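Spelled out from the first residue to the last, the chains are:
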Amino acid sequence: MDREILLIVDPMCSWCWGFSPSVEAMAEEYADRAPVFPIAGGLRPLNAAPMNDAAKAEIRHHWEDVGKASGQPFDFSFFERDGFIYDTEPACRALVTVRTLKPEAALGFLAAQHRAFYAENRDITDAAVLAELAETAGVDRDAFLAAFPTRKLIYLTATDFFRSQSMGVTGFPTVVLRSEGNLSLLTAGFQPFAALKPQLENWIAGGVDAEKEPAKA
């Protein structure tokens, strides 16, 4: 049976970083039966306003909550930056670029983006940083840099955003299970893998979880 785990995510979403261990576990556990396919959701695409003190305070609060819930590390020196523009489109486009050039590298690249931004205070809105991370994930650096700024990849990234919206996704991370064209919601928001595994096992076995709402097509 044709099955796929759709991960709607943003590389600059702190709850997605908290969810990263769950993604890794899902990919490892179900790769041969239902591979995880990342879709760039677009948390703050094309934002042009530099972060002010109020924005820093709000985002810092989210980071603290994610750290407590997930145990994932954060480098809070990020908030010492001046004039940072929290535009998630470049990071999303980089994920789509890697997924296009080398699909099997996409999840590893996403994890590298998360770690670079949240745990290492690196600027993943910068093409040079993204190219370095892509190369580390096994993608040719020159090929990445050639594809990343093209109209094609800008369009494909916008297509991901539209696909996310068409499924009714309003927050990240969201996981939608696709089986033979049918979609059902696994989780809208952070969950540890242990909480998701019973429902995944039931789905893989062909059962139906009555508590889960079907996602929009």
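Before reading further, recall that the structure is shown in the block above.
Computed from a predicted model, the values in this text were never measured in an experiment.

A. Molecular detail of the pairing of strand E2 (residues 36–40). The buried count for E2 comes to four of five residues, which makes it a mostly enclosed element. Direction of pairing for strand E1 (residues 3–9) relative to E2: parallel, over a ladder of five bridges. Bridge assignment links Ile8 to a residue of E2, and that residue is Ile39.

B. Spotlight on the sheet that holds E2. Overall, mixed pairing links the four strands, which are arranged E2-E1-E3-E4 in an open sheet. Two strands bound the open sheet, and with one partner strand each, they are E2 and strand E4 (182–188). Taken pair by pair, the neighbouring strands of this sheet meet at an average axis angle of 25°, ignoring direction. Packed on one face of the sheet, helix H3 (residues 89–101) meets E1 and E2 and runs near 140° to E2. This element, helix H8 (residues 193–204), spans E1, strand E3 (174–179) and E4 of the sheet and lies at about 145° to E1.

C. Layout of unusual backbone geometry. Here the residue pair Phe172 and Pro173 is connected by a cis peptide bond, since its omega of 0° sits within 30 degrees of zero. Mapping Pro173 onto the fold places it in the loop between helix H7 (151–166) and E3. Although it is not a glycine, Leu46 adopts a positive phi angle of roughly 65°. With respect to the helices and strands, Leu46 occurs in the loop between E2 and helix H2 (53–70). One non-glycine residue, Asn121, adopts positive backbone phi at about 55°. Position of Asn121 among the secondary structure elements: in the loop between helix H4 (106–119) and helix H5 (127–136).

D. Spotlight on the side chain of Ser20. Mapping Ser20 onto the fold places it in helix H1 (residues 14–30). Overall, Ser20 belongs to the buried group, its relative accessible area being 12%. Filtering out sequence-adjacent residues up to four positions away, Ser20 remains in contact with Gln72, Ala111 and His114.

E. How the structure looks around the pattern of salt bridges. Using the criterion set out here, one finds ten salt bridges in the structure. Lys197 is paired through a salt bridge with Glu29; the nearest N and O atoms lie 3.7 Å apart. In this pair, Lys197 is assigned in helix H8 and Glu29 in helix H1, connecting sequence segments 168 residues apart. Residue class for Lys197 comes out partly exposed when judged on its relative accessible area of 31%. Given a relative accessible area of 31%, Glu29 falls into the partly exposed group. Across the salt bridge formed by Arg60 and Glu64, the nearest N and O atoms sit 3.5 Å from each other.

F. How the structure looks around the packing of aromatic side chains. Here the structure, examined in full by the defined rule, presents 22 aromatic pairs. Note on Tyr30 and Phe193: the rings are 6.5 Å apart at their centroids and 55° apart in plane angle, and the pair reads as tilted. Separated by 163 residues along the polypeptide, Tyr30 in helix H1 and Phe193 in helix H8 bring together distant segments of the chain. In this structure, Tyr30 and Phe193 share a single accessibility class: buried. Among the aromatic residues, those joined into a cluster by ring pairs are Trp17, Trp63, Phe74, Phe76, Phe78, Phe79, Phe84, Tyr86, Phe117 and Tyr118. Positioned above the aromatic ring of Tyr86, the side-chain terminus of Arg44 is 4.9 Å from the ring centre.

G. Local environment of H8. With twelve residues, H8 ought to run about 16 Å at 1.5 Å a step, and its terminal C-alpha atoms sit 15 Å apart, in line with that. All of the buried residues in H8 are Phe193, Leu196, Leu200, Trp203 and Ile204. Take H8 and look down its axis: the buried residues cluster within an arc of 85°, on one side only. Opposite the buried face of H8, by more than 90 degrees, sit the exposed residues Ala194 and Pro198. Positive phi appears at Gly206, one or two residues downstream of H8, with a value of about 100°.

Quick notes on the rules
- Residues numbered from 1 in each chain as written.
- Predicted model: local features only at pLDDT ≥ 70, side-chain atom pairs only at ≥ 80, totals over all residues.
- Heavy atoms only, no water.
- Buried < 20%, exposed > 50% of the residue type's maximum accessible area, 1.4 Å probe, protein only.
- Helix = DSSP H or I, 4+ residues; strand = E, 2+ residues; numbered from the N terminus.
- Pairing = 2+ DSSP bridges.
- Axes fitted to C-alpha atoms, helices over the stretch in contact; angles between N-to-C directions.
- Contact = heavy atoms within 4.5 Å.
- Salt bridge = Lys/Arg side-chain N within 4 Å of Asp/Glu carboxyl O.
- Phe/Tyr/Trp six-rings, centres within 6.5 Å; stacked < 30°, edge-to-face > 60°.
- Lys NZ or Arg CZ within 6 Å of the ring centre and 35° of its normal.
- Expected span 1.5 Å × (residues − 1).
- Arc of directions from axis to C-beta.

Keep in mind these values describe shape, not function.
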